[in-house]
Amino acid sequence: MHIVVCIKQVPDTKIIKINPKTNTLDRRSAPAILNPYDAHAVQEAVNIKKELGKGHISVISMGPPPATDIIKKSVEIGADEGYLITDRAFAGADTLATSYALSKGLEKIAKARPIDMIICGKQAIDGDTGQVGPGIARRLDIPPVTNVLEVLEVNEKERTVLVKRKTSGGYEIVQAELPCLLTVEKEVNEIEYAPLPNMIKAARYEPVIWTVNDFEGVDRTKLGLKGSPTVVGKMFTPPRPEGGKKLEGTADEQVKQVIDIMLERKELFFVK
Amino acid sequence: MKSAMPEKFDVIVVGAGPAGTACAYTCAKNGLKVLQIERGEYPGSKNVMGGVLYRKQLEEIIPEFWKEAPLERPIVEQNFWLMDKNSVVKFGYKGLEWGEEPYNNFTVLRAKFDQWFAQKAVEQGSLLINETVVKECIVENGKVVGVRTDRPDGDVYADVVVLADGVNSLLAKQLGFRKELRPDEVALAVMEVINLPKEKINDRFNVNDNQGCTIEIFGDSTKGNLGTAFIYTNKDSINIGVGTTLSSMIKSKMKPYDLLDQLKNHPMVSPLLEGGESAEYLAHLIPEGGYNSVPKVVGNGVVVVGDAAQLVNAIHREGSNMAMASGRMAAEAIIKAKERNDFSEAGLSSYRDALYESFIIKDLQKYKDAAHTFEENPQYFQYYLPMLNKAMSEFFTVDGVPKKDKQKEMMKMLTGEKGKLNVIKDIYRAWKAVK
Ligand SMILES: Cc1cc2nc3c(=O)[nH]c(=O)nc-3n(C[C@H](O)[C@H](O)[C@H](O)COP(=O)(O)OP(=O)(O)OC[C@H]3O[C@@H](n4cnc5c(N)ncnc54)[C@H](O)[C@@H]3O)c2cc1C
């Protein structure tokens, strides 16, 4: 079973600052991390390999050279190897161009070792679009199974995978034929504390780097900014939720005001 | 997945502070197979230092490092402040020769610096693993043969384990190399990084873009506790901190962050910080026991370097340089041991010899009584320092009193109720402690 996981390096949006003038993310203000959903995707590949007792896990990313860090991180979690597609020609890609470039990379990987399953995170936390996974599946003409909450069974003989996927009202159990592409939610697993041998392997690991020249028959008009029809109309920071009312006066006065408000809004005490 | 036989390295270095990295770098550069293990998210993520990095000891490891290391400012001015409640006596030295290559010392932010330094060791071939805690040394037949980490399949083996795990080295304690630190052997320091625009720093400290300034503050900065405070200029931030021995803090029932708060609000200090934005708050222990606290530093298959060996000269706030120098000396001993394939205590003993012949132990020996002298004789900070401030005030005040009478008055102030003889005794004692 050859599982390939698509991963992205993202700024840690928990701490990132927004440039007040341009309304864009100030990427220098936060460390770059492995997109959290993708970390779960790698872990899921590791879990499947463990469950089956054998298998091979590759990861692939498109991004600038420092993205080798997240490939190493994936090796820590348990990936066997990693590929980085990096070239100026890919810069400025939207989800359409990104899924094109990644599908080219995946085709190249598949030539050396056929792929049975692709796993992506549900979405990247810097763009939150969730389009790249399905975009890849469409281009490779394999079934996309999005929002996976749990992988119930991988049947190598029957070449099927059974998963539980999130729907707007609850969940559904879906079976798909291999090869297919899953995108996973965080609930799909717990990231495990990586074993020491993986850490040592990752410290040593040098990812395979591909530039645009490593791909045959690539349509350059579909790459990078040129291949990206997305137009960003406007960016804005959503207004902060308004804070509550601020009470003034002495402590006694403030206490009285609070009690008045509470009595006024009886629902606080579940009183009708 | 089955776990294969754990790997064996020539050297495992525990900790990626200046001591550990200096050792890993030197070993790797000489072709040894090195694994460096750091518990932080990345080297330096939790490491704390006032911020003065000395040129000499790093230059001996990486020549001309200043051309590429993430340094803040070369220091061209160093000051001492003897501070009272509403006054301060200042002296210092500013020399522009320090602003040119090869420089004297620099301010640094450790989170950046340690990361860079560790990366240099990686470039030499050392393997670095972060977010991994070494729980204990693996000891077989009286010899350290590896370490046990907190990770699954977490054992890893080596001919030599280097303990560079900092001031509170649990590993050295587990091996019985040292005892629990006494409160008078460590200082607790707290510091803050305060962001301030470069232009403001340049104005307030009277320096140019590429010039830094340090201030060591005695007296009211520690409210009579044994210790010092400091203010150092970075590119566009200021490090301000205060540290005092645990024992004196216990005695005076003061909390370190209260001291820092008072310092920041001190009328002599607050104008320097005005408008600054607090960016980071850090606390750390400093080994201050000096010579008498240095533990056993060599055992079978193991050496202890840097703060873990308590190698800090508190009087001169030198620590990182001693850490680097000791790390390098340990590496040189390991390289020799490897040639002879003898990693026993005897085989590694050239580290101990080098350490004891170097400036490190010589300096620690020189000041071995200083801390005690000052701790047991609080009059230096509590009595003389305010007196000196008063005397200087008298000296500079123009009030029609003849200078001769003024000098008499000043002498009286300094000797005051203590009497001349006692003062002479105190001066002699202080001189003996630091001579
Ligand atoms: C407030 C303050 C101001 C200072 N000012 C100066 C100054 O201006 N100039 C100067 O030269 N010195 C100064 N020092 C002293 C200097 O910081 C230290 O001497 C120096 O950092 C010692 O280096 P080290 O590598 O031995 O230890 P550390 O820098 O403490 O590094 C130890 C490393 O080991 C890691 N570690 C610990 N235990 C484990 C474990 N079990 N497993 C894995 N990793 C572990 C830690 O995370 C850390 O990265 C100052 C110290 C303080 C606290």
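Not measured: the values here are computed from a predicted model.

Asker: Help me understand the overall build of chain A in this model?
Answerer: If you tally the helices and strands in chain A, you get six helices and 13 strands. Taken over the C-alpha atoms alone, chain A extends approximately 75 × 45 × 40 Å along its principal axes. By the burial criterion, 44% of the 272 residues in chain A qualify as buried. Sequence-distant contacts, at least 24 apart, represent 68% of the contacts inside chain A between residues at least 6 apart. With the model as given, the accessible surface of chain A reaches about 15500 Å², and the carbon-plus-sulfur share is 53%. Distance between charge centroids for chain A: 4 Å, based on 38 positive and 37 negative side chains.

Asker: What is the right way to read the side chain of Glu77(B) from this model?
Answerer: Residues and elements named next belong to chain B. Turning to its location among the elements, glutamate 77 is positioned in strand E4 (residues 75–83). Looking at glutamate 77, its side chain comes within polar contact range of the side chain of asparagine 79, at 3.1 Å. The contact partners of glutamate 77, leaving out residues within four places of it in the chain, are Tyr93, Lys94, Trp98, Phe205, Gly212, Cys213 and Thr214.

Asker: How should I be thinking about the packing of aromatic side chains in this particular structure?
Answerer: To describe a pair of aromatic rings, you give the distance between the ring centres and the angle between the ring planes. Residues and elements named next belong to chain A. Enumeration over the complete set of coordinates arrives at 15 aromatic pairs over all chains. Ring geometry for phenylalanine 90 against phenylalanine 215: centres 6.5 Å apart, planes inclined by 85 degrees, an arrangement best described as edge-to-face. Note that phenylalanine 90 is positioned in the loop between strand E7 (81–85) and helix H3 (95–112) and phenylalanine 215 in the loop between strand E13 (208–210) and helix H6 (251–264), a separation of 125 residues in sequence. Each member of the pair phenylalanine 90 and phenylalanine 215 is classed as buried. The ring of tryptophan 210 carries lysine 108 above its face, with NZ or CZ at 5.3 Å from the centroid.

Asker: Would you take a moment to explain the interface of chain B and chain A for this structure?
Answerer: Interfaces are often sized by the amount of accessible area the parts lose when they come together. Contacts between the two partners involve 19 residues from chain B, matched on the other side by 13 residues from chain A. The junction of chain B with chain A conceals about 1300 Å² of combined surface from both sides, 66% of it contributed by carbon and sulfur atoms. Counting the contacts that link chain B with chain A gives two salt bridges. Here Glu7(B) and Arg204(A) are joined by a salt bridge, their closest N and O atoms 2.6 Å apart. For the pair chain B and chain A, the interface holds six residue pairs in polar contact (both at pLDDT 80 or more). Put simply, the parts of the chain that give the side of chain B that touches chain A at least two residues each are strand E7 (127–129) and strand E10 (155–163) of chain B.

Asker: Quick question: what am I supposed to make of the domain arrangement of chain B here?
Answerer: All names here are of chain B. Partitioning chain B into structural domains gives domain 1 (8–72 + 108–178 + 292–357), domain 2 (186–287) and domain 3 (371–434). Of the residues lining the interface, ten residues belong to domain 2; the matching set on domain 3 comes to six residues. Around 610 Å² of area is buried between domain 2 and domain 3 when both sides are counted, 63% of it from carbon and sulfur atoms. On inspection of domain 2 and its partner domain 3, the count reaches zero salt bridges. Our count for the domain 2 to domain 3 interface comes out at zero residue pairs in polar contact (both at pLDDT 80 or more). Those elements that provide at least two residues to the side of domain 2 that touches domain 3 are strand E12 (212–219) and helix H6 (246–252). The greatest single-element share of the side of domain 2 that touches domain 3, amounting to three residues, is contributed by H6. In terms of residue class, the side of domain 2 that touches domain 3 is built from two nonpolar, seven polar and one charged.

Asker: Help me out: how do you make sense of the pairing of strand E14 (residues 237–245) of chain B in this one?
Answerer: Regular strands place side chains that alternate from one sheet face to the opposite one. Residue and element names in this part refer to chain B. With respect to burial, E14 is a largely interior element, nine of its nine residues being buried. Burial along E14 is two-sided: the face carrying Ser237, Asn239, Gly241, Gly243 and Thr245 and the face carrying Ile238, Ile240, Val242 and Thr244 are both buried. Pairing of strand E11 (residues 186–195) with E14 involves nine bridges; the strand directions are antiparallel. Pairing of alanine 187 across the sheet is with threonine 245, part of E14. Here strand E13 (residues 227–233) folds back onto E14 in antiparallel fashion, the turn holding three residues.

Asker: In this structure, what is going on with the pattern of salt bridges? I would like to understand it.
Answerer: Residue and element names in this part refer to chain B. Evaluation of the coordinates by the stated rule reveals 41 salt bridges over all chains. For the salt bridge of glutamate 180 with lysine 173, the shortest nitrogen-to-oxygen distance reads 3.1 Å. Between aspartate 399 and lysine 406 there is a salt bridge whose closest N-O contact spans 3.2 Å. Residue classification places aspartate 399 among the partly exposed residues on the basis of a relative accessible area of 42%.

Asker: Help me understand the site of the ligand in this model?
Answerer: Residue and element names in this part refer to chain B. Residues in close proximity to the ligand total 35 residues, the closest being Glu38, Gly50, Arg110, Asp307 and Ser320. With respect to the ligand, the backbone of glycine 51 contributes an N or O atom lying 3.4 Å from an oxygen atom. When the ligand is considered free in solution it has 1000 Å² of accessible area, and contact with the protein chains removes 95% of it. For the shell around the ligand, the elements supplying multiple residues, two or more each, are helix H1 (18–29), strand E3 (52–54), strand E15 (277–287) and helix H9 (320–340). Each of domain 1 (8–72 + 108–178 + 292–357) and domain 2 (186–287) gives at least three residues to the shell around the ligand.

Asker: Looking at this model, I keep getting lost on the sheet that holds strand E10 (residues 160–166) of chain A. Mind explaining?
Answerer: Either a parallel or an antiparallel arrangement is found when strands of a sheet pair, and the pairing is made through backbone hydrogen bonds. Residues and elements named next belong to chain A. Strand order in the open sheet formed by nine strands is E11-E10-E9-E12-E8-E1-E6-E7-E13, with mixed pairing between adjacent strands. The open sheet terminates on both sides in strands that have one partner only, identified here as strand E11 (171–177) and E13. Across the sheet, the axes of successive neighbouring strands diverge by a mean angle of 30 degrees, strand direction being ignored. Pairing geometry for strand E1 (residues 2–7) and strand E6 (residues 56–62), over six bridges, is parallel.

Asker: Would you mind showing me how to read the sheet that holds E14(B) here?
Answerer: All names here are of chain B. Strand order in the open sheet formed by seven strands is E5-E4-E12-E13-E14-E11-E15, with mixed pairing between adjacent strands. A strand with exactly one partner marks an edge of an open sheet, and here the two such strands are strand E5 (88–94) and E15. With strand direction ignored, the average angle separating the axes of adjacent strands in the sheet is 15 degrees. Of the strands in this sheet, E4, E11, E12, E13, E14 and E15 are in contact with helix H7 (residues 256–264), which crosses E14 at around 135 degrees.

Asker: Sorry, what's going on with helix H2 (residues 68–77) of chain A here?
Answerer: What sets the pattern is the α-helix's 3.6 residues per turn: residues three or four places apart point alike. Burial runs high along H2(A): seven of the ten residues are buried. Trailing H2(A) by a residue or two, Gly78(A) shows a phi angle of about 140 degrees, which is positive.

Asker: Mind showing me how you'd approach the packing of H1(B) against H9(B) here?
Answerer: The description of two packed helices rests on the angle between their axes and on the distance between the axes. Residue and element names in this part refer to chain B. Contact geometry of H1 with H9 gives a least axis separation of 7 Å together with a crossing angle of 35 degrees. For the element pair H1 and H9, the recorded crossing hand is right-handed. Residues Pro18, Ala19, Ala22, Cys23, Thr26 and Cys27 of H1 form the contact with H9, whose own contacting residues are Ser320, Ala323, Met324, Gly327, Arg328, Ala330, Ala331, Ile334 and Ile335. A class-by-class count of the residues in the contact of H1 with H9 yields eleven nonpolar, three polar and one charged.

Quick notes on the rules
- Once a new chain begins, its residue numbering starts again from 1 and follows that chain's sequence as written.
- Whichever chain is written first is A, and whichever ligand is written first is 1; the rest continue in order.
- The model is predicted, so local features are restricted to residues of pLDDT at least 70 and side-chain atom pairs to those at 80 or more, both for listing and for counting; the totals for chains, interfaces and linings are taken over all residues.
- Based on all heavy atoms of the structure, the side-chain values leave hydrogens and waters out of the count.
- Put simply, DSSP marks the helices as runs of H or I at least four residues long and the strands as runs of E at least two long, and each gets a number from the N terminus on.
- The rule is simple: take the accessible area with a 1.4 Å probe, protein chains only, and divide by the maximum for that residue type; under 20% is buried, over 50% is exposed, in between is partly exposed.
- We call two residues contacting when some pair of their heavy atoms lies within 4.5 Å.
- Only the protein chains shown count as cover for residues, and all accessible areas are computed by the Shrake-Rupley method using a 1.4 Å probe.
- Charged-residue counts in this description rest on Lys and Arg as positive and Asp and Glu as negative, His and the chain ends being excluded.
- A charge is said to be at NZ when it belongs to Lys, at CZ for Arg, at CG for Asp and at CD for Glu.
- Whenever a nitrogen or oxygen atom comes within 3.5 Å of another N or O atom, the pair is scored as a polar contact, on the condition that within protein one atom can donate a hydrogen and the other can accept it, and that pairs from neighbouring residues in sequence are kept only if both atoms are in side chains.
- Stacked, edge-to-face and tilted labels apply to pairs of Phe, Tyr and Trp rings (six-membered ring for Trp) whose centres lie within 6.5 Å, assigned for plane angles under 30 degrees, over 60, and everything in between, in that order.
- Charge over a ring is defined by NZ of Lys or CZ of Arg lying within 6 Å of the ring centre and within 35 degrees of the ring normal.
- Here the buried area means the combined drop in accessible surface, using a 1.4 Å probe, for two parts upon being joined, counting both sides.
- The term salt bridge refers to a side-chain nitrogen of Lys or Arg lying within 4 Å of a carboxyl oxygen of Asp or Glu.
- The domain limits used here are those given by an automatic or database domain assignment.
- Under the scheme applied here, ten amino acids are nonpolar (Ala, Val, Leu, Ile, Met, Phe, Trp, Tyr, Cys and Pro), four are charged (Asp, Glu, Lys and Arg), and all others, including Gly, are polar.
- Any two strands between which DSSP finds at least two bridges are classified as paired.
- The cutoff for a nearby residue is simple: one of its non-hydrogen atoms must lie within 4 Å of the molecule or strand.
- Axes here refer to lines fitted to C-alpha atoms; in helices the fit is confined to the stretch in contact. Angles between the N-to-C directions go from 0 to 180 degrees.
- In a left-handed crossing the near helix is turned counterclockwise from the far helix by less than a right angle, and in a right-handed crossing that turn is clockwise.

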